[in-house]
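Coordinates in review
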Amino acid sequence: MHPIPTTTETAPLRSSAASSVAGGHRVGLDLLRGVAAVFVMLHHAEFFYGLAGFWAHGYIAVDFFFLLSGFVLAIRYEGAMREGLRARTFLALRIRRLWPTMAMGIVLGAAVSGLDGVPITALAVQTLVQLCFMPVFAGRFPVFPLNGVQWSLLVEFVANAVHATLLYRLTTRVCAALLLPTAAGLFLLVYREHSLAIGDVGHTWYAGFVRVAFSYLCGIVLGRWWQSRAVGASSLAAPERRSLAGRWLSTVSLVALPLVLWLGASSIGSLRYFDPVIVTLVFPPLVWLTAHATLSPALTQVAGRLGAISYPLYALHLPLIRAGEMVGEGRSSVALAAIRLVTLAVAVVAAWQWAVWTERRARAAANAPSASKTGHLAQA
């Protein structure tokens, strides 16, 4: 989910070893963001394809998106908030960043639903409602039926609003103290609902706010600790250190998240409190270690591209998977398998093309004569 991420900041499309330093160790976080987005897609593909649950716990990648979002936004914006950046300006920047891509995902979902026979009038109303980010509560049905991942964007936007109006004013010690009750909320959710695979349908929609509360807040705390260590006062910048420790951390970053999510397919994943343990005890140190990692030039290129497609892939993959299933309906097992593989490839290519297009638009806006400090912040 969430991402989702999410987060949600679009990474540069072209990266190098130098940009790994100039942009800080953001490329390491981009690597994990991209991997998490792929895992969410595979989790949803398994559901639609009726396959064994190898990616059964991929949904907790959404909590990882929330954590990354809090970390990055605390570093990039809290200084500006304390210097007078208004909440409405910050939220407008977030809408400018997040809405167009999600809107495209909604339109794709509407197109697929139309092909699936949904009446045009009902479809038009639902499309308008979702473009306004208004959930529809209908028991066990998705609150955003045209594109189910939209729930995570809404709860993250609420977290952004709380951040810009309240959380940035609180001390780090107070925010850290709040981690205990918000973590307890995750365990209570699992006690009640048996997993964290909740928040996207009407009767458990409240759970989305519980999920974002811990991870986003934890990201803020980690971001402030990062700043307090003078690893980058206003960005994720840090000196280049191609040390043995940096290379080791890079390796850990590359394999840790897939290994953690793959554990969900083992007997360990069947443990009742697997989800909240991973979210509260594994994800935070993973982000911290990754932020300190130094990537090789080749891995930096991969990480930059994965980061670039992460949010578009998250926003676009569900309707494309649905469309692929419609095309493959009634075909042989071999043809259906081929269609499914092509569908996943199309989702990745579509995400890349959308990322390229949005990056060009962002650069054009940044280079416009009327570009202001607010415009600069929007590209951060």
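Shown above is the structure to which this text applies.
Residues numbered from 1 in each chain as written. Predicted model: local features only at pLDDT ≥ 70, side-chain atom pairs only at ≥ 80, totals over all residues. Heavy atoms only, no water.

**What to know about the overall build of the chain**
Heads up, the rule is: Under the DSSP-based scheme used, a helix requires at least four consecutive residues in state H or I and a strand at least two consecutive residues in state E, with every element numbered from the N terminus. Accessibility here uses a 1.4 Å probe with only protein chains present; expressed as a share of the type maximum, an area under 20% marks a residue as buried, one over 50% as exposed, and anything in between as partly exposed. Working definition of accessibility: Shrake-Rupley area with a 1.4 Å probe, residue cover restricted to the visible protein chains.
Of regular secondary structure, the chain possesses 13 helices and zero strands. Counting helices and strands in the order they occur from the N terminus, the chain gives α-α-α-α-α-α-α-α-α-α-α-α-α. Here the chain, with 380 residues, has 54% of them falling under the buried criterion. For the chain, the accessible area works out to roughly 16,400 Å², and carbon and sulfur atoms hold 69% of it.

**Details of unusual backbone geometry**
Despite not being glycine, Phe133 has its phi angle at roughly 60°, a positive value. Its place among the elements puts Phe133 in the loop between α5 (120-131) and α6 (150-165). Despite not being glycine, His194 has its phi angle at roughly 80°, a positive value. Locating His194 in the fold gives a position in the loop between α7 (172-193) and α8 (207-228). Classification of His194 as exposed rests on a relative accessible area of 53%.

**A look at the nonpolar core**
Applicable threshold: Throughout, nonpolar core names a set of buried Ala, Val, Leu, Ile, Met, Phe, Trp, Tyr and Cys residues whose side chains join them through atoms within 4.5 Å. Here a residue-residue contact requires only that any non-hydrogen atoms of the pair lie within 4.5 Å.
Phe64, Phe71, Leu257 and Phe283 are the most contacted members of the largest nonpolar core, which has 96 residues in total. Here this core takes 15 residues from helix α3 (residues 61-82), the largest share from any one element. With residues up to four places along the chain from it excluded, the contact list for Leu257 reads Leu32, Val35, Ala36, Phe64, Phe283 and Leu286. Among the nonpolar cores identified, the runner-up in size contains five residues, and Val27, Leu31, Leu295 and Leu299 belong to it.

**Quick word on the packing of α8 against helix α10 (residues 274-292)**
The condition that has to hold: Fitting a line to C-alpha atoms yields each axis, with helices limited to the stretch in contact; the angle taken between N-to-C directions then spans 0 to 180 degrees. For a crossing to be left-handed, the near helix must be turned anticlockwise from the far one by less than a right angle; the clockwise case is right-handed. Each residue is assigned to one of three groups, with Ala, Val, Leu, Ile, Met, Phe, Trp, Tyr, Cys and Pro labelled nonpolar, Asp, Glu, Lys and Arg labelled charged, and all others, Gly among them, labelled polar.
At a minimum axis separation of 11 Å, α8 and α10 run at an interaxial angle of 35°. Like other packed secondary-structure pairs, α8 and α10 cross with a definite hand, here right-handed. Of the residues in α10, those in contact with Phe214, Ser215, Cys218, Leu222, Trp225 and Trp226 of α8 are Val279, Thr280, Pro284, Trp288, Ala291 and His292. Taken together, the residues of the contact of α8 with α10 sort by class into nine nonpolar, three polar and no charged.

**Digging into the environment of Leu68**
Relative to the elements of secondary structure, Leu68 occurs in helix α3. Separated by 35 residues in sequence, Leu68 and Arg33 place their C-alpha atoms 7.9 Å apart.

**Here we look at α3**
Helical geometry note: an α-helix holds 3.6 residues per turn, so side chains three or four residues apart project in the same direction. Note the following rule: In a helix, the anticipated span is given by 1.5 Å times the number of residues less one. Bend angle per residue: angle between axes fitted to the 7 residues ending at that residue and the 7 residues starting there.
Taking 1.5 Å as the rise per residue, α3 with 22 residues should run 32 Å; its terminal C-alpha atoms sit 31 Å apart, in good agreement. Taking the largest bend as the criterion, α3 deviates by roughly 45°, centred on Ala74. Burial runs high along α3: 20 of the 22 residues are buried. Just downstream of α3 lies Gly84, where phi reads positive at about 120°.

**Concerning the layout of surface pockets**
Our working definition: Throughout, the protein atoms alone are placed on a 1 Å grid, and a set of points is a cavity if a 1.4 Å probe fits but cannot get out or a pocket if it is open with protein on both sides within 12 Å along at least five of seven lines; lining residues have an atom within 4 Å of a point. Grid points are joined across faces, edges and corners, and a volume is the space filled by probe spheres set on the points.
Considered as a void within the structure, the second largest pocket measures approximately 710 Å³ in volume. Around the second largest pocket sit 30 residues that line it, and His43, His44, Phe47, Asp200 and Leu318 are the ones nearest its centre. Looking at the lining of the second largest pocket, the elements with two or more residues in it are α2 (26-49) and α11 (297-328). Here the element with the most residues in the lining of the second largest pocket is α2; it accounts for six residues.

**Some words on the environment of Ala323**
Looking at where Ala323 falls in the secondary structure, it is placed in helix α11. Sequence separation between Ala323 and Val112 is 211 residues, and the spatial gap between their C-alpha atoms is 6.0 Å.

**Some words on the side chain of Arg94**
Selection criterion: We call two N or O atoms a polar contact when they sit within 3.5 Å, provided that within protein one can donate a hydrogen and the other can accept it, with sequence-adjacent residues counted only if both atoms are side-chain atoms.
Examined against the element boundaries, Arg94 turns out to sit in helix α4 (residues 87-115). A polar contact is formed between the side chain of Arg94 and the side chain of Asn160, at a distance of 3.3 Å.

That is the geometry; function is a separate question.
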